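This is what each chain is made of:
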Amino acid sequence: MNGPLAVADALFVDLGDGREIKEGARAGQITYKRQPRARYECLRCGYHAPPVTGAPAVRDFVTNEPRDHRASCPAITTHQQGAHAA
């Protein structure tokens with residue numbers, strides 16, 4: 001590697017406060033006192049994604065948001081275009 005490393009983006013995930021139901025018809029399901037939540041920030045361009053709440057939304061957000069933003073981040077696009085032009 002060349003040069004120092006720097007943090008370029010941050011993904012914050014709070015897994016919430018949930019308990020799995022052990023018995024009965026709902027066995028295996030999770031009940032939450034505090035829902036999972038997530039947020040994403042790009043330190044290159046200053047983008048802040050709206051935070052999401054709930055297990056399915058957090059799962060999709062963590063899977064897609066960083067990748068989707070990196071694909072369209074103006075700071076990355078400008079840097080890459082300049083590098084290719086040189």
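Residues numbered from 1 in each chain as written. Predicted model: local features only at pLDDT ≥ 70, side-chain atom pairs only at ≥ 80, totals over all residues. Heavy atoms only, no water.

Caption draft 1: Local environment of the nonpolar core. Judged by nonpolar contacts, Ala38, Tyr40, Cys42, Ala49, Val52, Val58, Phe61, Cys73 and Ile76 together constitute the single largest core of 9 residues. Where this core is concerned, the elements lending two or more residues are β4 (37–42) and α1 (55–72). A per-element tally of this core places β4 first, with 3 residues. Residues in contact with Val52, not counting those within four places in the same chain, are Pro36, Arg37, Ala38, Ala57, Val58 and Phe61. (Core = buried A, V, L, I, M, F, W, Y, C linked by side-chain atoms within 4.5 Å. Buried < 20%, exposed > 50% of the residue type's maximum accessible area, 1.4 Å probe, protein only. Helix = DSSP H or I, 4+ residues; strand = E, 2+ residues; numbered from the N terminus. Contact = heavy atoms within 4.5 Å.)

Caption draft 2: Representation of the confidence of the model for the protein chain in the model. Predicted confidence across the protein chain gives a mean pLDDT of 87, with 87% of residues reaching 70 or more. Residue range residues 81–86 is modelled with pLDDT below 50. Its contacts to residues more than four positions away, or to other chains, number 0 contacts. (pLDDT = per-residue confidence, 0-100.)

Caption draft 3: Structural view of the side chain of Asp14. For Asp14, the position within the fold is in strand β1 (residues 9–14). Here Gly16 takes part through its backbone nitrogen, which lies 2.9 Å from a polar atom of the side chain of Asp14. Polar contacts involving the side chain of Asp14 include one to the side chain of Arg34, which spans 3.0 Å. Non-local contacts of Asp14, meaning those with residues more than four positions away in its chain, are made with Arg34, Pro36 and Arg37. (Polar contact = N/O pair within 3.5 Å; in protein donor to acceptor, adjacent residues only side chain to side chain.)

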